[in-house]
Structure formats: structure tokens, C-alpha cells
Amino acid sequence: MARHFLALHDFSEIELYGMLTLARELKEKQKQGVPHKLLDGKTVALIFEKASTRTRVSFEVGVFQLGGHGLFISSANSQMGRGEPIKDTARVMARYCDGVMIRTFGQEIVDEFARYSDVPVINGLTDMFHPCQIMADLMTVIEQKRTYEGLVYAWVGDGNNMANTWIEAAAIFGFELRLACPKGYEPDAAVMAWAMAKAPGKITLTSDPKVAVAGADVINTDVWASMGQEAEQKIREQAFAGYCLDDALVSLAKPDCIVLHCLPAHRGEEISDSVIEGKHSVVWDEAENRLHVQKAIMATLIK
Ligand code: CP
Ligand code: NVA
């Protein structure tokens, strides 16, 4: 049975930490020019039902650096875009490929894909979760702070796929996460309930960004309208007024806090230009670490 990477909640802290450790080793090898062809001769299908810059490039480059071959497949230009059932695509892909990464809409789509796939399926973002990104974020935190433990994490903005995945991470790794989301834009209720039961007292929700950010070590934000929500952009701009991660808000956090953003960023909306370009921002390391962490995830799962 193939093991899939669909959501962090399918893995233990030890398993996820193992992937983060491997990611650091692979990063070092890649920087030193040491070969690490852990996917020699393997093929990985990279299926996109939404736009992407980082995920596409980091997966394609990552498979190549591991000695394998990544196939970019846009749903619009495949039979998936013409209505071929997910379960049929999943079974056919598994006959050709050693692994699949898919970026799509509902979490139920990746769940169904995985149910019919004999090879590992990796979630490259759904409306519910973005687990590869939070693994890259945690790798960046560990690089910057030497540990993920004992730190205060703040989320400012939409209770979206990124927020949901941070909540799962907080529950699994047992760190303090404070989320500030406007009323009506809270994270998924089932994810919150699961996480609060797993790690009582670690995760708090407020509608005041200042409360979430005060004394934080790590601050994270994301766009107000995610992919698929473009029609809500204007109404969301009103709902999220006061949620811009600007210098005044960052000044409430620890003086050595780090600022994360998964990118793409909308400067002047969820984050100011001065913060994303400023001394606390580690967004370029964070983007780079997608490459290393996804190599570790693929090397762990794809046999
Ligand atoms: N952060 C992220 O997933 O970026 P892309 O949408 O460019 O892949
Ligand atoms: N929440 C954003 C993340 C993009 C990487 C989206 O889903 O569009």
C-alpha cells in the first residue's frame, strides 16, 4: 500500500521531523554538489488544476536533482479538464509513474485520487490544506531559530488552507499558535476541533491581530482571496481592513521575530512592502525550502 502525503494529520511528529531533517541534509548536499539521486530513474506526475509558480518549479527541479523525471500536467490540457473521472486518471497514472503530486480544489479530490492510486500521492495545495508549504515554513523556522519548540507562532488574516495546515502543525508539534481572523473568515471548524482536542490550550483564535502578534517569534500571513475566490476580492478587502501586516503590527512581536509568507504576496493588502522587504522577512529562504523539503517528502514516500 502506498503512503500518501495529503495532510499533516496522517503523520506523527517524529515522521515529520524526520522529513525535515532529511530536507536539511539534502539542502547541504545540493549546495556542496554532492549527488543524491534517491529517485534515480523514477517518474513523478505533477498535476495542476490551479496556477502555480513555486510548486511547479520546485517539484520539477526537485525530481530532476533526485535523478528522476517530473511531468507537468495541466488539467486544462488533459482529459481531466474534459471530465475524465479522478478515479480513472489516478489508476492510469499509477501504471506509468512512481508518484503523483496534485494541486486542486476540494480535499475530497486528493483523497479520492489517493484511494485509487497504487503510488504515493502528494498534496500540492487544496482549498483545505497546503502541507508542503507548512513543512517548508517549519524548515525555515528551524534554520532561523534552531528549533520549532517553545516559540509563539502568530497567524494574521484569512482562515484558509495555510491557516488550517498551521493549526494541524501546532497540534502535532505541540507549539503555541495564535490566529487572528476576521469574523466570518475563521479556519475550518473541524480542523480547529481536532487540533484543540489533540493539543489543549495551544491554539487560540481572536479577531484582533495585535493580540495574536504580541510577543510572537514567528508571524505568518497570506492573501485575503485565495485561488478560486477571485470574485470575492472586493468584499474581502473590506472584511480584512486592519489586517495588514505592517511595521506597526510587527513592532509588537519579539524584536528578533521572523515573518513568513508563502507567496505570491499582495503588497499593501495582507502585508506591507516595508515588512516583506524588511529585516524580519525570511520569505526567500522559505520559498527555497519548498525545493528541499519536497525532495525529502518524495524520497521518503516514493519507493
Ligand atoms: N506558495 C506557493 O504554493 O506558490 P505557488 O502558488 O506559486 O506554487
Ligand atoms: N491561500 C493561497 C495560497 C497560495 C500558495 C491560495 O490558496 O491561493
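Before reading on, note that the structure itself is shown above.
The rules behind these values
- Residues numbered from 1 in each chain as written.
- Chains lettered and ligands numbered in written order.
- Predicted model: local features only at pLDDT ≥ 70, side-chain atom pairs only at ≥ 80, totals over all residues.
- Heavy atoms only, no water.
- Near = heavy atom within 4 Å.
- Polar contact = N/O pair within 3.5 Å; in protein donor to acceptor, adjacent residues only side chain to side chain.
- Areas by Shrake-Rupley, 256 points an atom, 1.4 Å probe, with all protein chains shown as cover.
- Buried < 20%, exposed > 50% of the residue type's maximum accessible area, 1.4 Å probe, protein only.
- Helix = DSSP H or I, 4+ residues; strand = E, 2+ residues; numbered from the N terminus.
- Arc of directions from axis to C-beta.
- Contact = heavy atoms within 4.5 Å.
- Lys, Arg positive; Asp, Glu negative; His and termini not counted.
- Salt bridge = Lys/Arg side-chain N within 4 Å of Asp/Glu carboxyl O.
- Pairing = 2+ DSSP bridges.
- Axes fitted to C-alpha atoms, helices over the stretch in contact; angles between N-to-C directions.
- Core = buried A, V, L, I, M, F, W, Y, C linked by side-chain atoms within 4.5 Å.
- Phe/Tyr/Trp six-rings, centres within 6.5 Å; stacked < 30°, edge-to-face > 60°.
- Lys NZ or Arg CZ within 6 Å of the ring centre and 35° of its normal.
- Right-handed = clockwise from strand over helix to strand, strands pointing away.

Engineer: Explain the site of ligand 1 to me, please; I cannot follow it from the model alone.
Structural biologist: With respect to spatial proximity, the complete set of residues near ligand 1 consists of Ser52, Thr53, Arg54, Thr55, Arg103, His130, Gln133, Cys262, Leu263 and Arg290. A distance of 2.7 Å separates an oxygen atom of ligand 1 from a polar side-chain atom of threonine 55. Within the side chain of arginine 290, one N or O atom sits 3.0 Å away from an oxygen atom of ligand 1. A total of 260 Å² of accessible area belongs to ligand 1 in isolation, and the protein chains cover 96% of it.

Engineer: Sorry, what's going on with helix H7 (residues 189-198) here?
Structural biologist: Side chains that are three or four residues apart share a direction in an α-helix, a result of its 3.6 residues per turn. When H7 is considered as a whole, its buried residues turn out to be Val191, Met192 and Ala195. For H7, the angular spread of buried residues about the axis comes to 100°, placing them on one side. Structural note: H7 exposes Ala189, Ala190 and Ala197 on the side pointing more than 90 degrees away from its buried face. Looking at the buried side of H7, the elements it contacts are helix H6 (161-173), strand E6 (176-180) and strand E7 (203-206).

Engineer: Would you mind showing me how to read the side chain of aspartate 137 here?
Structural biologist: Its location among the elements puts aspartate 137 in helix H5 (residues 131-145). Of the side chains with opposite charge, arginine 290 lies nearest to the buried aspartate 137, which makes no salt bridge, at 7.1 Å. Every residue in contact with aspartate 137, bar those within four places of it in the chain, is listed here: Met162, Trp166, Asn220, Leu260 and Glu286.

Engineer: How should I be thinking about the pattern of salt bridges in this particular structure?
Structural biologist: Two side chains carrying opposite charge are able to pair once their charged atoms lie near each other. Inspection of every chain in the model, using the stated rule, returns 15 salt bridges. Each member of the salt-bridge network shares a partner with another, and the members are Lys27, Lys31, Glu143 and Glu288.

Engineer: What am I meant to see in the sheet that holds strand E1 (residues 43-48) here?
Structural biologist: The strands making up a sheet associate through hydrogen bonds between their backbones, and the pairing can be parallel or antiparallel. As summarised here, the arrangement of the four strands in space is E2-E1-E3-E4, forming an open sheet in which the pairing is parallel. At either margin of the open sheet sits one strand with a lone partner, and together these are strand E2 (69-74) and strand E4 (121-123). Strand-to-strand twist in this sheet, taken as the mean axis angle between neighbours without regard to direction, amounts to 20°. Two strands pair when backbone bridges link them, and strand E3 (residues 99-103) and E4 are joined in this way by three bridges, in the parallel orientation. The residue bridging isoleucine 102 from the neighbouring strand is asparagine 123, located in E4.

Engineer: What should I look at first to understand the nonpolar core in this one?
Structural biologist: Note on soluble globular proteins: their nonpolar side chains tend to be buried together. In terms of nonpolar packing, the biggest core is built from 60 residues, with Phe5, Tyr153 and Trp166 touching the most fellow members. Within the second largest apolar cluster, 24 residues are counted, among which are Ala212, Trp224, Val259 and Ile271.

Engineer: What is the right way to read helix H3 (residues 86-96) from this model?
Structural biologist: The set of residues buried in H3 consists of Ile86, Thr89, Ala90, Met93 and Ala94. For H3, the arc enclosing every buried residue in end-on projection is 130°, short of the 170-degree limit, so these residues lie on one face. Across H3 from its buried face, at more than 90 degrees, point the exposed residues Arg95 and Tyr96. On its buried face, H3 sits against E1, E2, E3 and helix H4 (107-115).

Engineer: Please clarify how the packing of aromatic side chains should be interpreted in this entry.
Structural biologist: Given two aromatic rings, their pairing is described by the distance between the two centres and the angle made by the two planes. Tallying each qualifying case throughout the model produces eleven aromatic pairs. Ring centres 6.4 Å apart and planes at 20° place the aromatic pair phenylalanine 173 and phenylalanine 175 in the stacked group. With a relative accessible area of 5%, phenylalanine 173 lands in the buried category. On the basis of relative accessibility, which here comes to 2%, the residue phenylalanine 175 falls in the buried class. Here the aromatic rings of tryptophan 224 and phenylalanine 240 are separated by 5.5 Å at their centres, their planes lie at 15°, and the arrangement is stacked. With tryptophan 224 in the loop between strand E8 (218-221) and helix H9 (233-239) and phenylalanine 240 in the loop between H9 and helix H10 (247-250), this residue pair connects regions lying 16 residues apart in the sequence. The two residues tryptophan 224 and phenylalanine 240 agree in class, both being buried. Every member of this aromatic cluster is reached through a ring pair, and the members are Tyr17, Tyr148, Tyr153, Trp166, Phe173 and Phe175. The positively charged end of lysine 50 is found above the aromatic ring belonging to phenylalanine 105, 4.7 Å away from the centroid. Sitting above the plane of the phenylalanine 72 ring, arginine 56 keeps its charged end 3.6 Å from the centroid.

Engineer: I would appreciate a short explanation of the pairing of E2 in the present structure.
Structural biologist: The side chains of a regular strand alternate, residue by residue, between the two faces of the sheet. Pairing geometry for E1 and E2, over six bridges, is parallel. Bridge pairing links valine 44 to glycine 70 in E2. A crossover connection joins E1 to the parallel E2 through helix H2 (residues 54-65); in handedness this β-α-β unit is right-handed.

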